[in-house]
Amino acid sequence: PVNCDVKATVVSGINAQVTNNGAQHLTEVSKRAFDEKYLQMGMVTTESEVAIAVSTVHDVFLDGEKTEETAYKIVDDRRKIHAKIQLDIPKGETARVEKISTVHSSRDLEYTGSGKEPDKETVYANGLENLKEAECKGYRTLLQESREVWEAIWKKQDIVIDSREDDAQVAVRFALYHLQIMVRKEDNRVGIGAKALSGEGYKGHSFWDTETFIFPYFQMAEPEVARTLLEFRYKGLYGARKKANENGYKGAMYPWESSDKGNEDNTVTNIYGPFENHITGDVAMATWQYYSVVQDLEWLRQKGFPIISAAADYWVSRSEPNEAGEYEIRNVIGADEWNQNPQGGKNVNNNAYTNGVAKSTLEAACKAAKLLNMKSDPMWATVAGKLRFRQQANGVTAEHDTYDGAITKQADVCLLAFPLKLVTDKEQIRKDLEYYLQTVPRKKTPAMSKSIYSILFTRLGDRERAWHYFRDSYCPNLNPPFRVIAEFDSGTNPYFLTGAGGVLQSVLMGFGGLDITDKGIVAGKGTLPDAWKSITLKGIGKEKKNYTIK
């Protein structure tokens, strides 16, 4: 309540001055006001011609009672439309402005049967109608409905940490929240990006981040969502085959950077599209991982095997025999994008992770074919068994053929131990881990690598260092005031969904002791940090089991 009569102006509305890396992506913007109160901006995107309607309304309350006597002025300003609301607040009273908005697009609505998305005028009309329905409910009712939805989510799937400090619980809950809001759970036309749609970075596109870091949470807790995400990759199989053919290979070569069409969306001047080939293996292994969790043979036959077998065909054609009878994969960019050939250029031969995920894909293709009683290409097993992995003189697995101890951006060799499990000897895992940790700079390294280190140290029984790298995977990357995760420490490009996925993997597959094997989700012993009394993992697997580790 105010202590004297007050005149105040609230300015609020819709701003469609949206760019993506400096480019305007709307071919049309129409602005309208209805009944001098309802504001709407209609837009059509340049590439996909998706019609979007953003609608908003403002209601004013004086001392809790809605008033229609407020002065409104509608201002039309280029790609913005807003209301100037004049408030006359008597002494001792309280004013409240409620803003309710809806967002509709032609992709949200059912097709008309013609095979085409609804026309823009239908989208705009539905947006306005829905806005009026939401206004009738009111902000507080809408808020309560939202609360009930989230309470239902937390009840069936959650990670509850009983700890002497609540920082980790907040971080884990926030990671869970962002994974929930950034995926279209029943829409296989879109994937999920490294930053989803939280900002301009990465343009909303899907990279290896999806399958390697974000996907495992959904495999564990919501396999039905994992299935939807894989449907997106299945729909992109045509584009992946096309890319392989254009580059002179067989099978399917998945794009390094993919939007909704499944084509390569990397810029022509960017070298990652042609050479960061491990993405094909990442997609294939996520596909096999999903089958392992749900054990759905018919899905494997119809959707999974086409992806895995096409990826295996690609790796056979991408590999080359050498004089020693081995197979090599030459001229690639590894997961560690910083590292490059000392003789010049980013591309290297026999990158450890690229060869590792290729080997895993080929082995998965053989297993899938056997399960389905289908014929497999004998070269799948041949190449898988003879792919080259080199060790340095000190016994450490070499990141690539010419690796000379240079600094590394992130986990590469260590991914052979987890998630690929190609390196299983604990002494070798420790040797590789200790060596490559010395090559990682303290600053400007991606959040998700720290999660891999945390999981490996947990499995090696080193709780102290597992706890250190778990906290290091998010604490330095938090941005005020809402503690959102950036890709790097002190970074300003949140929200980095890949990092959030890594945090959750550290808890589920590290401290929680869970693992995904060919036979499904397996519960190990689990090893908790000293600060935690227990963790409860809710709604795991298709059976929706709960696990408590004390």
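Placed above this text is the structure.
Residues numbered from 1 in each chain as written. Predicted model: local features only at pLDDT ≥ 70, side-chain atom pairs only at ≥ 80, totals over all residues. Heavy atoms only, no water.

Enquirer: Could you clarify how one ought to interpret the layout of surface pockets in this entry?
Expert: A probe matching the size of a water molecule, rolled over the atoms, marks out where space remains unfilled. In this structure, the largest pocket occupies an estimated 2000 Å³ of space. Considering the residues around the largest pocket, the lining is formed by 47 residues, among which Thr45, Ile52, Leu197, Lys203 and Gly204 are closest to the centre. Here the lining of the largest pocket takes 3 residues from strand E10 (residues 95-105), the largest share from any one element. The volume enclosed by the second largest pocket comes to roughly 450 Å³. Forming the boundary of the second largest pocket are 27 residues, of which Met285, Gln289, Pro419, Leu420 and Ile516 lie nearest the centre. Among the elements of the structure, helix H4 (208-221), helix H8 (278-294), helix H10 (352-371), helix H15 (497-511) and strand E16 (514-517) are those that each provide at least two residues to the lining of the second largest pocket. Top element by residues in the lining of the second largest pocket is H8. It accounts for 7 residues. (1 Å grid on protein atoms, 1.4 Å probe; cavity = no way out; pocket = protein on both sides within 12 Å on 5 of 7 lines; lining within 4 Å. Points joined across faces, edges and corners; volume = space filled by probe spheres on them. Helix = DSSP H or I, 4+ residues; strand = E, 2+ residues; numbered from the N terminus.)

Enquirer: Explain the pattern of salt bridges to me, please; I cannot follow it from the model alone.
Expert: When charged atoms on two side chains of opposite charge get close, those side chains can pair. Counted according to the given criterion, the structure contains 33 salt bridges. In this structure, Asp158 engages Arg173 in a salt bridge whose closest nitrogen and oxygen atoms are separated by 2.6 Å. Here Asp158 is found in the loop between helix H2 (139-156) and strand E11 (159-163), whereas its partner Arg173 is found in helix H3 (residues 167-181), with 15 residues between them in sequence. In this structure Asp158 comes out as buried when scored by relative accessible area, which is 4%. The class of Arg173 is partly exposed, set by a relative accessible area of 31%. Measuring nitrogen to oxygen at the nearest pair gives 2.8 Å for the salt bridge that ties Glu246 to Lys242. Within this pair, Glu246 and its partner Lys242 are both found in helix H6 (residues 237-246), separated by 4 residues, close to a single helical turn. Counted as one network, the salt bridges with shared partners bring together Glu320, Glu328, Arg330, Arg388, Arg390 and Asp401. (Salt bridge = Lys/Arg side-chain N within 4 Å of Asp/Glu carboxyl O. Buried < 20%, exposed > 50% of the residue type's maximum accessible area, 1.4 Å probe, protein only.)

Enquirer: Honestly, the sheet that holds strand E1 (residues 6-15) in this entry has me stumped. Any pointers?
Expert: Each strand in a sheet pairs with another by means of backbone hydrogen bonds, the pair being arranged parallel or else antiparallel. One open sheet accounts for 3 strands, arranged E1-E9-E8; its pairing is antiparallel. A single partner strand is all that each edge strand has here, and the edge strands are E1 and strand E8 (71-77). Put simply, the sheet's adjacent strands are angled 20 degrees from each other on average, direction ignored. When E1 meets strand E9 (residues 80-89), the two strands line up antiparallel, connected through 10 bridges. The residue of E9 that forms the bridge with Ile14 is Ile81. (Pairing = 2+ DSSP bridges. Axes fitted to C-alpha atoms, helices over the stretch in contact; angles between N-to-C directions.)

Enquirer: Hey, could you run me through the packing of aromatic side chains in this one?
Expert: In this description, a pair of aromatic rings is defined by centroid distance and the angle of the planes. Scanning the entire structure with this criterion turns up 23 aromatic pairs. Judged by centre distance (5.5 Å) and plane angle (85 degrees), the rings of Tyr249 and Tyr314 are edge-to-face. Of the two residues, Tyr249 is situated in the loop between H6 and helix H7 (272-275) and Tyr314 in helix H9 (residues 297-318); the sequence distance between them amounts to 65 residues. Residue Tyr249 is classed as partly exposed on the basis of its relative accessible area of 23%. (Phe/Tyr/Trp six-rings, centres within 6.5 Å; stacked < 30°, edge-to-face > 60°.)

Enquirer: How do you make sense of the packing of H8 against H9 when you look at a structure like this?
Expert: For any two helices packed against each other, one specifies the crossing angle of their axes together with the interaxial distance. The N-to-C vectors of H8 and H9 enclose an angle of 155 degrees; their axes lie 9 Å apart at closest approach. The orientation of H8 relative to H9 falls into the category roughly antiparallel. For the element pair H8 and H9, the recorded crossing hand is left-handed. Contact with H8, carried on its side by His278, Thr280, Gly281, Val283, Ala284, Thr287, Trp288, Tyr290 and Tyr291, involves Leu297, Trp299, Leu300, Gly304, Ile307, Ile308, Ala311, Tyr314 and Trp315 of H9 and no other residues of that element. Among the residues forming the contact of H8 with H9, the class breakdown is 13 nonpolar, 5 polar and no charged. (Parallel < 35°, antiparallel > 145°, perpendicular 65-115°, else oblique. Left-handed = near helix turned anticlockwise from the far one by under 90°. Contact = heavy atoms within 4.5 Å. Nonpolar A, V, L, I, M, F, W, Y, C, P; charged D, E, K, R; others polar.)

Enquirer: I keep staring at the pairing of E8 and nothing clicks. Help me out?
Expert: Strand residues, when the strand is regular, have side chains that alternate between the two faces of the sheet. For E8 and E9, the ladder comprises 7 bridges, and the chain directions are antiparallel. Residue pairing across strands places Tyr72 opposite Ile85, the latter belonging to E9.

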